[in-house]
Amino acid sequence: KYSQANDLILEASIPNAVLSTLNYSWTISPLLDSIPYINTFKIFKNEAILPDGRIRVYLHAYNFTHEGNNFTDIILNTAPENGSLLISPQSGTSMSTEFIIALPGWEDVDLPLIYSVYFSYTSPELNTDFQALSSSRESEQFKTYLSCIPPWSIVHIKGTIKDNFGAISVIFGTVNVSK
């Protein structure tokens, strides 16, 4: 499976062939940002929409006496889906209310799922610098105490859910925290 969050490197290996005597011609469908180099082919991480959920890679290997063609389909690894972010209670007091942050219902065939929770005092649209609330883990529920820095009473929460091949879903929520 291919996770678009990472580069993918393919290598052609032909038994008993001398690498320097072969020519390789690589083709990919759909066209993605990639680069061939002798017997390897690198597909760069990307966010392209792949309508049928796969990439087809064609290889034509040849020299003066031999010629061969092959192709392979690489299935796209999709991010976990159908889950939510729940924060309870929805408001509380700085460093005295215990908040439960849960990421229930996420589905993916590539288990285990790894859950992470982050916080920020500014909106996700204005800030990508979220700080971790705890270490990543297989449990979908986190218990924590939150602080408030005046004048902000809204704490932004970001949950990430990662599958075994590295595809990530991100979800946001807010909670009110007062002094």
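Heads up: the structure comes first, above all this text.
Residues numbered from 1 in each chain as written. Predicted model: local features only at pLDDT ≥ 70, side-chain atom pairs only at ≥ 80, totals over all residues. Heavy atoms only, no water.

Side note on the sheet that holds strand β2 (residues 23-29)
Logical step 1: Overall, antiparallel pairing links the three strands, which are arranged β2-β5-β6 in an open sheet. Two strands in the sheet have a free side with no partner beyond their single neighbour: β2 and β6 (67-75). For this sheet the average axis-to-axis angle between neighbouring strands, irrespective of direction, equals 15°.
Logical step 2: Direction of pairing for β2 relative to strand β5 (residues 54-62): antiparallel, over a ladder of seven bridges. If you follow S29 over to β5, its bridge partner there is R56. (Pairing = 2+ DSSP bridges. Helix = DSSP H or I, 4+ residues; strand = E, 2+ residues; numbered from the N terminus. Axes fitted to C-alpha atoms, helices over the stretch in contact; angles between N-to-C directions.)

Here we look at the pattern of salt bridges
Where charged atoms from two side chains of opposite charge approach closely, those side chains can pair.
Logical step 1: Applying the stated criterion across every chain yields a total of three salt bridges.
Logical step 2: Put simply, R54 and D73 hold a salt bridge, and the shortest N to O gap is 2.8 Å. Highlighted residues: R54 in strand β5 and D73 in strand β6, separated in sequence by 19 residues.
Logical step 3: Note that D73 and R56 form a salt bridge whose closest N and O atoms lie 2.6 Å from each other. Of this pair, D73 sits in strand β6 while R56 sits in strand β5, and the two are 17 residues apart along the sequence.
Logical step 4: Taken together, the salt bridges that share partners define one network made up of R54, R56 and D73. (Salt bridge = Lys/Arg side-chain N within 4 Å of Asp/Glu carboxyl O.)

Topic: the pairing of strand β10 (residues 114-120)
Logical step 1: Burial runs high along β10: five of the seven residues are buried.
Logical step 2: Relative to strand β13 (residues 154-162), β10 runs antiparallel, the two being bridged by seven bridges. Following the sheet pairing, S116 is matched in β13 by T160.
Logical step 3: Taken together, the two bridges between β10 and strand β11 (residues 131-132) define a ladder with antiparallel strand orientation. Note that in β11 the partner of Y118 across the bridge is A132. (Buried < 20%, exposed > 50% of the residue type's maximum accessible area, 1.4 Å probe, protein only.)

Geometric descriptors of this kind do not, in isolation, establish any biological role.
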